[in-house]
Amino acid sequence: MRRHSIFWSLSLLLLLTLRVGASEIPPLRIAVLDTVHLESGEHLQNAKVGYRTKGTLNKEKSNAVLYLTWFGGTSEDLFKYGVINVVDTTQFFLVVVDAFGNGISSSPSNHPDFPRITIGDMVKAQHQLLTQSLDIPSLHAVMGTSMGGMQTFEWVTQFPTFMDRAITIVGSPRPAAYDQLLWQTQLQAITQAADAGNAEEAAAMVGMISTLALHTPQYHALHTPVSQAGSFIHAAQTGVSRSMRDTAAQLDAMLSHDISRRAGNDITAAAKSIQARMLNIVDRQDHMVTPEPALQLSTLLGAETLVLDTHCGHMTTRCEGERIDRAIRQFLSAH
């Protein structure tokens, strides 16, 4: 059911991105991949991958930057709200890819008999897009926010030599116990509502749970007056527009995400496979994606880390956008 605003419009789009201004939106392109071999052993035939590009690929094909979508987000969102402005497209060739399950690329809502997917499957399809459809043999950098950060962590372990550097923003190499409880609660709400044939109830529950986790209580104490509580709750209940089947597919993928799975579930061993130079940006008050797993991996790697501590929590760019942008620009351009 379509509603008046997209899933993350409650916060993750409006608050994360209005600080940087809109960007001209390049046309959506759709690549069709003959076969994507999934981690489950199944095969996704004629898989569609949406993407948009901006800038010019240099003769050496060495300046491509891959930007990945967050949970429920689309490539259009990243351009529409200016998220990608942190990447200088006079210097870099930017490729923004829609993740499986977002309603643009292959998803339960647009692909018959859509199978269960993982974050690793999303990344495998993106690798096929770059190498087979765009003829890009390597990346200068891969980056993403939230679920885009999870995909970035997957990239540096599944294809460790494909990029020079990687940037994660409030992402995680594997969900902590609290994250699993949060996402499983949302998934269970969708399942129970679906069993009862009530998609609107599922959307309302997912919206409220997400709104609870995006910011800290202190943020709302400062910015959401008690007199506006009714409209605030109503916005949370009615802000979801995407297919609940798509939402469930991405929740399921995040719940199974763990970059250590190829290394005997040993995060230390997984870290040894990473060759890219990394910048991990976290907020200690993040209630949506627990920062400790990313911090642990940064310590194991000796990676560059920007640790914030704001009442914006998962929406830390709302509080520290300029500082985050400055760190990203320096990291992308450093020799």
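All residue numbers refer to position in the chain's written sequence, counted from 1. Given that this is a predicted model, residues contribute local features only at a pLDDT of at least 70 and side-chain atom pairs are listed and counted only at 80 or more, while totals for whole chains, interfaces and linings are drawn from all residues. For side-chain calculations, the full set of non-hydrogen atoms in the structure is used, while hydrogens and water are omitted.

### Some thoughts on helix α6 (residues 199-214)
Using the following cut-off: Secondary structure elements follow DSSP: runs of H or I no shorter than four residues count as helices, runs of E no shorter than two count as strands, and numbering proceeds from the N terminus. Multiply 1.5 Å by the residue count of a helix minus one, and that product is the helix's expected span. With a 1.4 Å probe rolled over the protein chains alone, any residue whose accessible area is under 20% of its type maximum counts as buried; one over 50% counts as exposed, and the rest are partly exposed. A contact between two residues is defined here by any heavy atoms of the two lying within 4.5 Å.
Between its first and last C-alpha, α6 extends 22 Å over 16 residues, near the 22 Å set by a 1.5 Å rise per residue. Within the sequence span of α6, burial applies to A202, A203, A204, V206, G207, I209, S210, T211, A213 and L214. Looking at the packing, one finds that the buried side of α6 touches α5 (177-195), α7 (217-223), α8 (229-238) and α9 (244-255).

### Section: the side chain of S298
Tracing the sequence through the fold places S298 in helix α11 (residues 292-301). Given a relative accessible area of 4%, S298 falls into the buried group. If we ignore the near neighbours within four places in the chain, the residues touching S298 are N280, A303, E304 and T305.

### Description of the side chain of S106
Basically, it comes down to this: The term polar contact refers here to a pair of N or O atoms within 3.5 Å; inside protein, the definition further demands a hydrogen-donor-capable atom paired with an acceptor-capable atom, and it admits residues adjacent in sequence only when both atoms are side-chain atoms.
By the element assignment, S106 lies in the loop between β4 (93-97) and α3 (119-133). Of the residues examined, S106 reaches a relative accessible area of 1% and is grouped as buried. From its side chain, S106 meets the backbone nitrogen of K48 in a polar contact 2.7 Å long.

### Focus: the state of the cysteines
Each disulfide is one covalent bond, formed between the sulfur atoms of two cysteines. Just so we agree on the cut-off: Sulfur atoms of two cysteines make up a disulfide when they are within 2.5 Å.
Following the criterion strictly, the structure yields 1 disulfide and no others. One disulfide in the model links C312 with C319; its S-S distance is 2.0 Å. Here C312 and C319 share a disulfide; its torsion about the S-S bond, 75°, makes the bridge right-handed.

### Description of the packing of aromatic side chains
Just so we agree on the cut-off: Classification of ring pairs uses Phe, Tyr and Trp, with its six-membered ring standing for Trp, and accepts pairs whose centres are within 6.5 Å; under 30 degrees between planes counts as stacked, over 60 as edge-to-face, and the remaining range as tilted. Both a distance and an angle decide whether a charge sits over a ring: NZ of Lys or CZ of Arg must be within 6 Å of the ring centre and within 35 degrees of the ring normal.
By the definition in use, this model includes 3 aromatic pairs. Seen from their ring centres, W155 and F159 are 5.3 Å apart, and the 50° between their planes marks the pair as tilted. Pair check on accessibility: W155 and F159 agree, each one buried. Ring plane angle 35° and centroid distance 5.5 Å describe the contact between W155 and F162, whose orientation is recorded as tilted. Ring pairing ties together the aromatic residues W155, F159 and F162, which thus form one cluster. The aromatic ring of F331 is capped on one face by R165, whose charged end is 5.8 Å from the ring centroid.

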